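For reference, the chains in residue letters:
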Amino acid sequence: MQIELIETFLDLCETRSFNRTAERLGVTQSTVSGRISALEKALGQKLFDRSRSGTQPTLQGLRFEPHARGLRHGWTEARHAVGDAGSRPATIRIGIQHDLVNAHFSDLIAAFRASLPETAFFFEADYSAQMCADLTTGKEDLAILFSPRFHPDLYFETLGEVTYVMVSTEVERLEEVRRDTYILPHFSDAIPHAHAALHPTLVDASLSIGQNAAMVALLRSMGGTAYVMQGSVADLTADLTCRLVLDAPPITQTVFAGVNQRFRHRPVHRRLLACLRDHFAFARPPEPRRPARGVRA
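This one's a predicted model, so the numbers in the text were calculated from it and none came from an experiment.

Caption draft 1: How the structure looks around helix α10 (residues 267-279). The end-to-end C-alpha distance of α10 is 18 Å, a good match for the 18 Å that 13 residues give at a rise of 1.5 Å each. Immediately downstream of α10, the backbone of Ala281 shows phi near 50°, a positive value.

Below you can see the structure in the form of structure tokens.
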């Protein structure tokens, strides 16, 4: 099994550059050329046209691409199947956005295990871009994320929202916030845009954080003003570390579930999605909100 031929083909479809693919895969350009030649020989078809203007898939290459994605996904799935240890029949690999690993995370795990008692689960906290890549290749079976990367092989469903609010160790009014002690939120791709619309005078702050736990830790250690998840506010205010910035609008972030299209209608994944809808108390898309008070990834 020379799955590296498929991996190289798919990467080249994305980069359209032998040099770039060689860099990304950590091999030489001649190795990339050799792998593509070997795949073309096996298929009996030319897959790419190379010219001064760049590298483009041929018609045969475009036709082969969805099958190549399926082969890569199937290979990863097969490796997981034969590599599963223990007496359980299967392991479901689930990625979850860092900020969603909170006090209620154990409730979600309990719901999954109750719904699928004979299944083993592997959870990994990560960021949206990596989870989408892992769903595409089959390294993950399900992802709970903030920023979908739309792809022909992926299906996303809206689950609900989480809310971030502004707190401060220094002030209680928005007009009093200092740029030199303000920490920019970057919890998802969409939040900086919503934040810029709300607070254009704060976008040039010198520090930016992409994880709620790190933001809370910084506020405790060095002080300042920042957005944190609503669930973190009680602890920060209870011990008098922070107080709410009363007139600062909240920022909401949509939460999505993502699966590979291959899994979308499988009974196991349908049950997992049902658990997620119940966990977020969310069965249909939210009512439209004013852009200034919400985020849509």
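Caption draft 2: Quick peek at helix α5 (residues 105-115). Of the positions making up α5, those classed as buried are Phe105, Leu108, Phe112 and Ser115. End-on, the buried residues of α5 take up no more than an arc of 95°, which puts them together on one face. Exposed residues on α5 whose side chains face more than 90 degrees from its buried face are Arg113 and Ala114. Elements in contact with the buried residues of α5: β3 (91-97), β4 (120-126), β5 (142-145) and α10.

Caption draft 3: Molecular detail of the packing of helix α1 (residues 3-15) against helix α3 (residues 29-43). It is at 9 Å that the axes of α1 and α3 come closest, and there the two elements cross at 105°. For the element pair α1 / α3, the angle class is roughly perpendicular. Of the residues in α3, those in contact with Glu4, Leu5, Ile6, Thr8, Phe9 and Leu12 of α1 are Val32, Arg35, Ile36, Ala38 and Leu39. Classifying every residue of the contact of α1 with α3 gives 8 nonpolar, 1 polar and 2 charged.

Caption draft 4: Quick look at the nonpolar core. Within the largest apolar cluster, 51 residues are counted, with the highest numbers of intra-cluster contacts made by Ile144, Tyr227 and Leu276. Ranked by residues supplied to this core, first place goes to strand β6 (residues 154-168) with 7 residues. Discounting chain neighbours no more than four positions away, the residues touching Leu276 are Leu108, Phe112, Leu142, Ile144, Leu159 and Ala257. In this structure, Ile3, Leu10, Leu12 and Phe64 belong to the second largest nonpolar core, which totals 16 residues.

What counts and how
Residues numbered from 1 in each chain as written. Predicted model: local features only at pLDDT ≥ 70, side-chain atom pairs only at ≥ 80, totals over all residues. Heavy atoms only, no water. Helix = DSSP H or I, 4+ residues; strand = E, 2+ residues; numbered from the N terminus. Expected span 1.5 Å × (residues − 1). Buried < 20%, exposed > 50% of the residue type's maximum accessible area, 1.4 Å probe, protein only. Arc of directions from axis to C-beta. Contact = heavy atoms within 4.5 Å. Axes fitted to C-alpha atoms, helices over the stretch in contact; angles between N-to-C directions. Parallel < 35°, antiparallel > 145°, perpendicular 65-115°, else oblique. Nonpolar A, V, L, I, M, F, W, Y, C, P; charged D, E, K, R; others polar. Core = buried A, V, L, I, M, F, W, Y, C linked by side-chain atoms within 4.5 Å.

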